[in-house]
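Each chain, written out:
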2 protein chains.
Amino acid sequence: MIPTITAFEASPDQGMGLARDMRVRWALEEVGQPYDVRLVSFKAMKQPAHLARHPFGQIPTYEEGDLVLFESGSIIFHIAERHAGLLPSEANARARAITWMFAALNTVEPPIVELEQAPFVEGDKPWLAERIPMLKDRIRVRMDQLSDRLGEAEWLDGAFSAGDLMMVMVLRRLEGDGIVEDYPNLAAYVARGQARPAYKRAFDAQLAVFIAASGD
Amino acid sequence: MIPTITAFEASPDQGMGLARDMRVRWALEEVGQPYDVRLVSFKAMKQPAHLARHPFGQIPTYEEGDLVLFESGSIIFHIAERHAGLLPSEANARARAITWMFAALNTVEPPIVELEQAPFVEGDKPWLAERIPMLKDRIRVRMDQLSDRLGEAEWLDGAFSAGDLMMVMVLRRLEGDGIVEDYPNLAAYVARGQARPAYKRAFDAQLAVFIAASGD
C-alpha cells in the first residue's frame, strides 16, 4: 500500500527543503518506499478536513489505509519500524538511535525554532536586536555539547539512523545563522547527510513542488 | 535487572514533581518496575561522568546493564516497549499513542518551556512584561487545538497510554499560569492523570527526595 503524506502547497522556505515533509520524504527514500503527496494550502491546513488528520493544523501527516499519523518524529519512527535501514536491529543500539530522535526534537530543535520564528513574531519590537544574540548563545550551548559528543565520528551512534536523519534536518534549520559553521565536525556531519542519495532524491522531490507552484 | 535513573539532588521545583524524572518514575510505576535513583547536583550534571550518560548535561538518564539512555521520551518508550500497560498492542493504536508522545514533546511542550524560562533568562529585561502575554497567547493556540481534539474523551486516543502520560506532565508545567484552567476538559484530563495510583506513587517518591534534601 502506497502511503500519502501532506506537504505545503507553497512552502515558505522557497524550496530549501526545511519544511518537515522533507524529513519524511528522506526517510521514505532511505527505505525505498514510494509515496503519494497531497499538497495543502495554509488556509486548508486550518480547516476541519486537515484538522481531522492533524489536530494542530500542520504538515506533514501520513495516511496508510485506516492509519493516520502526524508529527514527523512519529511518522519516521513508524516507517523505521516497518522497513530496514533506519534503525539498528540490535536492541540497545536501536534504543540509542531512538534516543537521538527524541534529542533532536525535544532538546536541539526547540531553541532553533525560537531563533527562526523571532523575526516573524517580534519583527516590529524594539527588543528583537538584543534578543537574537541571546537566542544564538542558547543554541551554541547545545552545539558545544553536540559537537563534543559527535567528536570525529561519522554518525551519532554507529551506523546512520533515523536519529541522524532527524538531527541533520534540525541542524539544517540553522543555515545562514553563522552557528553550525563554527563547528567543523557538525558542518561535516550535516554535509554527510545531504550527500546521501536518498536525501538528494527527497530534496529534489520537494523542490519540484515549489518550482511547479511558483510557475503558476 | 533493576534500572537506575538520575534525578536532581535538589529539584528547583521544590518537590512539585515538574522535573522530567517524574515522567520516568510515573512510567515505571505504571508498569510495576522497581528502580534505583542516583541523585545528581547541578555541578555534577556538567561533569564528564554525567555527560557520558547525557551529552546535554540534564536529567533523567536511564541505565540498565550496558544500556544508557537519555531523553524522557526515549526512556519512556523503552519502558513501554518492554512492559505492558503504556502502549496498546494493536499496531495502529500503538502508532497513534506514539504520535501523542511526540506531539507532547515537540509541539506542545516547547512554547510552554519558553514561558517557564522567560523570567529566568530575561528577568532583568524591560521587555519581559510585554513578552509574557505573547508567550501565553502562543500556548493558548495549542490549548485550543488540544482541547478540541480531546473533546469529552477520557484520554487522547482510547485507553490511557504513554502519550497521555507525557501530555499530562507537559500540561502540568502550566500550573499557576491561568491557562489550562480556561479549558475544563483539559483541566479534568490532567486531574485524571494525577489521580492514577502510579502517578501518586511516583509523585511521593520524588517529593521524598526534596524533603530529605531540604532537611539537611
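Predicted model only: the values in this text are computed from it and were never measured. Position numbers for residues count from 1 along each chain, tracking the sequence in the order it is written. Here every chain gets a letter starting at A, and every ligand a number starting at 1, in the order they are written. Residues qualify for local features only when their pLDDT is at least 70, as the model is predicted, and side-chain atom pairs are given and counted only at 80 or more; totals for whole chains, interfaces and linings, by contrast, use all residues. Side-chain numbers here rest on the full set of heavy atoms in the structure, without hydrogens or water.

1. Observations regarding the overall build of chain A
Now for step 1: Scanning chain A from terminus to terminus reveals nine helices and four strands.
Now for step 2: Labels follow the DSSP assignment, with helices taken as runs of H or I lasting at least four residues and strands as runs of E lasting at least two, numbered in each case from the N terminus. Secondary structure elements of chain A, listed N to C terminal, follow the sequence β-α-β-α-α-β-β-α-α-α-α-α-α.
Now for step 3: A radius of gyration in this sense is built from C-alpha atoms; the matching globule rule multiplies 2.2 Å by the number of residues raised to 0.38. Against the 2.2 N^0.38 benchmark of 17 Å for 216 residues, chain A shows a C-alpha radius of gyration of 17 Å, consistent with a compact globule.
Now for step 4: Per-residue accessibility, obtained with a 1.4 Å probe over protein chains only, is compared with the maximum for each type, and a residue is labelled buried under 20%, exposed over 50%, and partly exposed between these values. Counting across all 216 residues of chain A, residues that qualify as buried make up 55%.
Now for step 5: Residue pairs at least 24 apart in sequence account for 70% of intrachain contacts in chain A once pairs closer than 6 positions are excluded.
Now for step 6: Only carbon and sulfur atoms are counted for the fraction: they give 54% of the accessible area of chain A, which is about 8,700 Å². Throughout, a residue-residue contact means that at least one pair of heavy atoms, one from each residue, lies within 4.5 Å. Per-residue and other accessible areas were derived by the Shrake-Rupley procedure at a 1.4 Å probe size, with only the shown protein chains allowed to occlude residues.

2. What to know about the relation of the copies chain A and chain B
Now for step 1: Expressed as a screw operation, the relation of chain A to chain B combines 0.0 Å of axial shift with a rotation of 180 degrees, fitting to an RMSD of 0.0 Å. What the rotation and shift describe, once combined, is the action of a two-fold rotation axis.
Now for step 2: A shared interface surface links the copies, since 100% of the contact residues of chain A are contact residues in chain B too. In this comparison the copies share one frame, found by least squares on the C-alpha atoms of residues holding pLDDT of at least 70 in both.

3. With respect to the UniProt feature "domain: GST N-terminal" (unreviewed entry) in chain A
Now for step 1: UniProt positions are given in the numbering used here, feature names are shortened, and annotations may be inferred rather than shown by experiment. Those places that UniProt annotates as "domain: GST N-terminal" (unreviewed entry) correspond, in this numbering, to residues 8-87 of chain A.
Now for step 2: Secondary structure content for residues 8-87 of chain A is 40% helix and 18% strand, while the C-alpha to C-alpha distance between its ends is 28 Å.

4. Describing the domain arrangement of chain A
Residues and elements named next belong to chain A.
Now for step 1: Partitioning chain A into domains gives domain 1 (4-85 + 198-214) and domain 2 (91-196).
Now for step 2: An automatic or database domain assignment provides the domain bounds reported here. For domain 1 and domain 2, the distance between their C-alpha centroids amounts to 21 Å.
Now for step 3: With 19 residues of domain 1 in contact, the opposing surface of domain 2 contributes 20 residues.
Now for step 4: Note: buried area is the sum, over both parts, of the accessible area (probe 1.4 Å) each one loses when the two are combined. Interface of domain 1 and domain 2: buried area, both sides summed, is about 1,600 Å²; carbon and sulfur atoms make up 62% of it.

5. Quick word on the pairing of strand S2 (residues 36-40) of chain B
Residues and elements named next belong to chain B.
Now for step 1: Note: strand S1 (residues 4-8) against S2, five bridges, orientation parallel. Opposite Ala-7, over in S2, you have Leu-39 as the bridge partner.
Now for step 2: Orient the strands so they point away from the viewer, and a crossover whose first-strand-to-second-strand path over the helix runs clockwise is right-handed. In this fold, S1 hands off to helix H1 (residues 21-31), which returns the chain to S2; that crossover is right-handed. Two strands are said to pair when DSSP picks up at least two bridges between them.

6. Here we look at the packing of helix H5 (residues 91-121) of chain A against helix H7 (residues 162-172) of chain A
Two numbers describe a pair of packed helices, the interaxial angle and the distance between the axes.
Residues and elements named next belong to chain A.
Now for step 1: All axes here are fitted lines through C-alpha atoms, helices being fitted over the stretch that makes contact, and every angle between N-to-C directions spans 0 to 180 degrees. For the pair H5 and H7, interaxial distance at closest approach is 7 Å and the crossing angle is 10 degrees. By the criterion of interaxial angle, the relationship of H5 to H7 is roughly parallel. Mapping the contact onto sequence places Ala-97, Trp-100, Met-101, Ala-104, Leu-105, Val-108, Glu-109 and Ile-112 in H5 and Ala-162, Gly-163, Met-166, Met-167, Val-170 and Leu-171 in H7.
Now for step 2: Within the contact of H5 with H7, the residues separate by chemical class into 12 nonpolar, one polar and one charged. An angle below 35 degrees is treated as roughly parallel, one above 145 as roughly antiparallel, one from 65 to 115 as roughly perpendicular, and anything else as oblique. Think of it as three bins: nonpolar holds Ala, Val, Leu, Ile, Met, Phe, Trp, Tyr, Cys and Pro, charged holds Asp, Glu, Lys and Arg, and polar takes everything else, Gly as well.

7. Quick look at the interface of chain A and chain B
Now for step 1: Contacts between the two partners involve 52 residues from chain A and, on the opposite side, 52 residues from chain B.
Now for step 2: Summed over both sides, the interface between chain A and chain B buries roughly 4,400 Å², with carbon and sulfur atoms accounting for 57% of that surface.
Now for step 3: Considering only the side of chain A, the residues that lose the most area to chain B are Phe-56, Phe-102 and Trp-127 of chain A, jointly responsible for 17% of the buried surface there.
Now for step 4: We count a salt bridge whenever a side-chain nitrogen from Lys or Arg sits within 4 Å of a carboxyl oxygen from Asp or Glu. At the surface where chain A touches chain B, the tally comes to eight salt bridges.
Now for step 5: Between Arg-131 of chain B and Glu-122 of chain A there is a salt bridge whose closest N-O contact spans 2.9 Å.

8. Some words on helix H1 (residues 21-31) of chain A
All names here are of chain A.
Now for step 1: In terms of burial, H1 is largely enclosed, as 11 of its 11 residues are buried.
Now for step 2: Asp-21, Met-22, Arg-23, Val-24, Arg-25, Trp-26, Ala-27, Leu-28, Glu-29, Glu-30 and Val-31 are the residues of H1 that are buried.
Now for step 3: With its phi angle positive at about 75 degrees, Gly-32 sits one or two positions after the end of H1.

9. Here's the deal with the nonpolar core
Now for step 1: Here, nonpolar core refers to any group of buried Ala, Val, Leu, Ile, Met, Phe, Trp, Tyr and Cys residues whose side-chain atoms link them within 4.5 Å. Ranked by internal contacts, the top residues of the largest apolar core, which has 120 residues, are Met-143 of chain A together with Met-143 of chain B.
Now for step 2: If we ignore the near neighbours within four places in the chain, the residues touching Met-143 of chain B are Val-108, Ile-112, Leu-171, Leu-174, Ile-179, Tyr-183 and Leu-186 of chain B.

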